[in-house]
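These are the residues of each chain, in order.
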Amino acid sequence: MIWKTLMLVTGSESPVVVVLSGSMEPGFYRGDILFLNMGKAPIRTGEIVVFNLDGRDIPIVHRVIKVHERKNGTHIDILTKGDNNYGDDRALYNKGQEWLHQNHIMGRAVGFLPSVGMVTIMMNDYPALKYVLIGVLGLLVLTNKEG
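- As annotated in an unreviewed UniProt entry, the protein is Signal peptidase complex catalytic subunit SEC11 from Edaphochlamys debaryana.
- The UniProt entry for the protein carries the following comment under Catalytic activity (unreviewed entry): "Cleavage of hydrophobic, N-terminal signal or leader sequences from secreted and periplasmic proteins."
- Of the comments in the UniProt record for the protein, the one headed Subcellular location (unreviewed entry) reads "Endoplasmic reticulum membrane".

## A word on the packing of aromatic side chains
Inference 1: One pass over the structure, following the stated rule, counts two aromatic pairs.
Inference 2: With 6.2 Å between their ring centres and 80° between their planes, Phe51 and Tyr93 make a pair best called edge-to-face. Taken together, the residues Phe51 in strand E3 (residues 48-51) and Tyr93 in the loop between strand E5 (76-81) and strand E6 (105-113) connect sequence positions 42 residues apart. You'll find Phe51 and Tyr93 in the same group, each marked buried.

## Side note on unusual backbone geometry
Inference 1: Residues Glu25 and Pro26 are joined by a peptide bond in cis, for which omega reads 5°.
Inference 2: Tracing the chain through its elements places Pro26 in the loop between strand E1 (16-18) and strand E2 (33-37).
Inference 3: Unusually for a residue other than glycine, Ser115 sits at a positive phi of about 65°.
Inference 4: By the secondary structure assignment, Ser115 is in the loop between E6 and helix H2 (118-125).

What counts, and at which threshold
Residues numbered from 1 in each chain as written. Predicted model: local features only at pLDDT ≥ 70, side-chain atom pairs only at ≥ 80, totals over all residues. Heavy atoms only, no water. UniProt positions renumbered as here; feature names shortened; annotations may be inferred. Phe/Tyr/Trp six-rings, centres within 6.5 Å; stacked < 30°, edge-to-face > 60°. Helix = DSSP H or I, 4+ residues; strand = E, 2+ residues; numbered from the N terminus. Buried < 20%, exposed > 50% of the residue type's maximum accessible area, 1.4 Å probe, protein only.

As structure tokens, then:
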């Protein structure tokens, strides 16, 4: 229920994401949690956005470096780049894709918590850790004596 409310308030399908790589260093580090908001204003150069590419599950956090708007204002082309990457993101985009479009953008970064997402990264990097944590929590529940 809380997640759905956050989605409605922020206008983003994923109002909170974890930075998974070092491509945005030194601004954001691996494990930082970003808070997203879509907003109504058009995407502008310099903003940090989270986007998803067709056919891929993992969102990417990068800075907008170019925006091309059509005269009628109904369509925009967006080019992104990681602050710590040498070149723009065209190499990351799907084959034949030169630009991102509004439908690829999940939200804009409006705040962050440093390092809090490392737990998520650790559980993804070491799946056995997930089961150890669940086991320890289960054991604590079973051995907890109230009263």
